[in-house]
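Below are the chains, spelled out letter by letter.
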Protein chains: 2
Amino acid sequence: MKIGILGYGNLGKGVEAAVKQNSDMELVAVFTRRNPEDLKIKTDSVPVLSVNEIENWKDKIDVLILCGGSATDLPEQTPKYAKMFNVIDSFDTHANIPTHFEEVDKSAKEGGKVAVISVGWDPGLFSLNRMYANAILPEGNDYTFWGRGVSQGHSDAIRRIKGVKDGKQYTVPVEKALQSVKNGENPVLTTREKHTRECYVVLEDGADAKQVEHDIVTMPNYFSDYDTTVHFISEEELKKNHSGIPHGGFVLRSGVTGFDKEEKHIIEYNLKLDSNPGFTSSVLLAYARAAFRLYKEGQTGCKTVFDIAPAYLSPKSAEELRKTML
Amino acid sequence: MKIGILGYGNLGKGVEAAVKQNSDMELVAVFTRRNPEDLKIKTDSVPVLSVNEIENWKDKIDVLILCGGSATDLPEQTPKYAKMFNVIDSFDTHANIPTHFEEVDKSAKEGGKVAVISVGWDPGLFSLNRMYANAILPEGNDYTFWGRGVSQGHSDAIRRIKGVKDGKQYTVPVEKALQSVKNGENPVLTTREKHTRECYVVLEDGADAKQVEHDIVTMPNYFSDYDTTVHFISEEELKKNHSGIPHGGFVLRSGVTGFDKEEKHIIEYNLKLDSNPGFTSSVLLAYARAAFRLYKEGQTGCKTVFDIAPAYLSPKSAEELRKTML
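To start, this report covers the structure provided alongside it. (Residues numbered from 1 in each chain as written. Chains lettered and ligands numbered in written order. Predicted model: local features only at pLDDT ≥ 70, side-chain atom pairs only at ≥ 80, totals over all residues. Heavy atoms only, no water.)

Let's talk about the overall build of chain A
When helices and strands are tallied, chain A shows 11 helices and 14 strands. For 326 residues, the compact-globule estimate of 2.2 N^0.38 gives 20 Å, and chain A sits close to it at 22 Å. Structurally, chain A occupies a C-alpha span of about 65 × 60 × 35 Å along its principal axes. The buried share of chain A, taken over its 326 residues, is 58%. A fraction of 68% describes how many contacts in chain A between residues 6 or more apart in sequence connect residues 24 or more apart. In the form shown here, chain A has an accessible surface area of approximately 13800 Å², with 46% of it arising from carbon and sulfur atoms. Here chain A carries 40 positive and 46 negative side-chain charges, and the mean point of each set is 3 Å from the other. (Helix = DSSP H or I, 4+ residues; strand = E, 2+ residues; numbered from the N terminus. Rg over C-alpha atoms; globule rule 2.2 N^0.38 Å. Buried < 20%, exposed > 50% of the residue type's maximum accessible area, 1.4 Å probe, protein only. Contact = heavy atoms within 4.5 Å. Areas by Shrake-Rupley, 256 points an atom, 1.4 Å probe, with all protein chains shown as cover. Lys, Arg positive; Asp, Glu negative; His and termini not counted. Charge placed at Lys NZ, Arg CZ, Asp CG, Glu CD.)

Pasting the structure below:
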């Protein structure tokens, strides 16, 4: 399978590394909106090209992995490139998924291609687990906790505050709430009771720490509904201890069965990830394999993780899977 | 969807209860190999019939749930009834799955029906999680822990020992081993290091406790490879504290990504179940829904959990799923 990458940020770099772990895949080109001469990738043998040349690669790429952001890149890119390529994206603006699906579906059908949208872990693997668990236990409650992990959006919000030179924000599940769910207590949890927010902040010279802390913890939408702690640290410490992008979380369903609903069950799925883009890119590639297989079967249009039978993700044959994994 | 049950043991009773939780399903008949007049089921309105009459119900049942055992019932029943009905079974003899698949596939294709085999949690949901996790993290290690839960086979083995009146056996994951896996330490674990076995035994009058304990802990295949503890208790205590059939377990994959494999990730799926048959029957029904949909689409033959797209399990439409669960 010939893989192309569009966009060489953290996610694109992750895909570049992950291709090497999949022996049935080969990276053939990286496309960028920057000047390709300014971009140095890790795999010397692979060309870096301007996105303006991408149409010439229509017959040379089996699946194009779209590594842009959900805010402005993917709403434009996925419908555009689904006409020319089988594509995978990680579109994660939950509220806009239905619209995005319709637009991509139309394009992919026009082009006779397969597109898989909203691939990753949330949306993606977490969605799958919510869906399976709901189908199995129709009566129950769903819980999703995120973290401990770095929220890019909240870190950006901190960095926009006057007096802040740099900063990182961790979303942290509240252990007590998580344990209550695991114990089958079916708690009703407020936003504040589910997660706390930890901020590590480097101040500009002469900045007022008290004022910065106040500006962070009272920020609406981002922090005011949470118990937020602010730690002021040096630039060196931020670099040394907070340069990673770990993440993860928990999806739980607490449900009942039995004639009198007397049997309680807990289904839990959790991820502990050293690198959010490193893991997400690996999910994208598994679905790239599925997309290419569906395409070869003659299917077209937009799919999500709900529409794809698990076996399509694996390099193993159906026989091997039954023999070794069932 | 009209549901039939063949076999009214713990699993059949579980299906009977679970149907009530699925508003798109209706139980229409329970078939038994016993004298139907001797069998009293909980749902008064549903007929109990001899299995000899089952052929007359070919057009009145959408999916037949086979609730027999894997040792002798299902190898015979699933191929036989897959010719007449869409069927679901929970065949769990892992080594014989390939043969069972071939036989059921042939029958189901002859009859123009859909059969789904090896449905439940292991095989079943645990298999799914092993497969997804392996497709996503090609480099890593798999771990499965079972329990804390009642093993029917080990409880039966205890009860066959001379001097034992009754008994229950719990399979228990070793906490230290589980924690080591969760910490990403990738331990190599022996059988003894992964699980312990706890036995609760009621002695016959005058039985030799020391001898019984010795006979249990030294029993090959069942106990000799494990650290086994034996607790002698009264019949009343067994009934009071050990009459349930709880189970559960953990599937973990510990893998790496990154150019230098420097990023570690842990994918964990775990179940905590008050009732093994109560939960398993709920999984069977979700796949019954899928089987009937596939049948209506014109598909035939044998399937496993690997072959079925998740959306088929849910009563929600594709649009609803994208809007509410992705």
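Some remarks on the environment of Leu64(A)
Residue and element names in this part refer to chain A. With respect to the element layout, Leu64 can be found in strand β4 (residues 63-66). Taking the C-alpha atoms as reference points, Leu64 and Ile3, separated by 61 residues in sequence, lie 5.9 Å from one another. If sequence neighbours within four positions are ignored, Leu64 has contacts with Gly4, Ile5, Leu6, Phe31, Ile54, Tyr81, Phe85, Asn86, Val87 and Ile88.

Regarding the pairing of strand β2 (residues 26-32) of chain B
Looking down a regular strand, the side chains alternate between one sheet face and the other. All names here are of chain B. Within β2, 6 of the 7 residues are buried, which leaves it mostly tucked inside the rest of the structure. For strand β1 (residues 2-6) and β2, the ladder comprises 5 bridges, and the chain directions are parallel. Among the inter-strand pairings, Leu6 is bridged to a residue of β2, identified as Phe31. (Pairing = 2+ DSSP bridges.)

A few points about the sheet that holds strand β9 (residues 164-173) of chain B
Residues and elements named next belong to chain B. A sheet is described by the order of its strands in space; here 4 strands give the open sequence β8-β9-β10-β11, paired in mixed fashion. Strands at the two margins of the open sheet, each flanked by one partner only, are β8 (149-150) and β11 (227-232). Two strands pair when backbone bridges link them, and β8 and β9 are joined in this way by 2 bridges, in the antiparallel orientation. Bridge pairing in β9 places Val150 opposite Tyr170. Across the face of the sheet, helix α5 (residues 152-159) comes into contact with β8, β9 and β10 (195-203) while running at roughly 145° to β9. (Axes fitted to C-alpha atoms, helices over the stretch in contact; angles between N-to-C directions.)

Topic: the sheet that holds β4(A)
Residue and element names in this part refer to chain A. Pairing is parallel across the open sheet formed by 7 strands, whose spatial order is β3-β2-β1-β4-β5-β6-β14. Each having just a single partner strand, β3 (48-50) and β14 (301-303) make up the two edges of the open sheet. Strand-to-strand twist across the sheet, computed as the mean angle between neighbouring axes with direction ignored, equals 25°. Along the sheet face, helix α1 (residues 10-19) touches β1 (2-6), β2 (26-32) and β4 and points at about 165° away from the line of β1. Sheet strands touched by helix α2 (residues 73-81): β1, β4 and β5 (86-88). Its angle to β4, the strand with the most contacts, is close to 175°.

As for the pairing of strand β9 (residues 164-173) of chain A
All names here are of chain A. β9 sits mainly inside the fold: 8 of its 10 residues count as buried. Where β9 and strand β10 (residues 195-203) come together, 9 bridges link them in antiparallel fashion. Looking at β10, one finds that Val172 is bridged to Thr196.

Focus on the interface of chain B and chain A
Interface size is commonly expressed as the accessible surface area that is lost when the partners come together. In this assembly, 71 residues from chain B lie in contact with 71 residues from chain A. Taking both sides of the interface into account, the surface hidden between chain B and chain A amounts to around 6100 Å²; carbon and sulfur atoms contribute 65%. The largest contributions to the chain B side of the interface with chain A come from Gln21(B), Phe259(B) and Leu326(B), which together make up 15% of the buried area. On the surface where chain B and chain A come into contact, there are 0 salt bridges. For the pair chain B and chain A, the interface holds 22 residue pairs in polar contact (both at pLDDT 80 or more). When residues of the side of chain B that touches chain A are traced back to their parent elements, those giving at least two are α1 (10-19), α3 (97-111), α4 (125-136), β12 (247-257), β13 (263-273), α10 (276-296) and α11 (318-324) of chain B. In terms of residue class, the side of chain B that touches chain A is built from 34 nonpolar, 18 polar and 19 charged. The pairing of strand β13 (residues 263-273) of chain A with β13(B) spans 9 bridges and is classified as antiparallel. Bridged to Ile266(A) within β13(B) is Lys272(B). (Buried area = accessible area lost by both parts, 1.4 Å probe. Salt bridge = Lys/Arg side-chain N within 4 Å of Asp/Glu carboxyl O. Polar contact = N/O pair within 3.5 Å; in protein donor to acceptor, adjacent residues only side chain to side chain. Nonpolar A, V, L, I, M, F, W, Y, C, P; charged D, E, K, R; others polar.)

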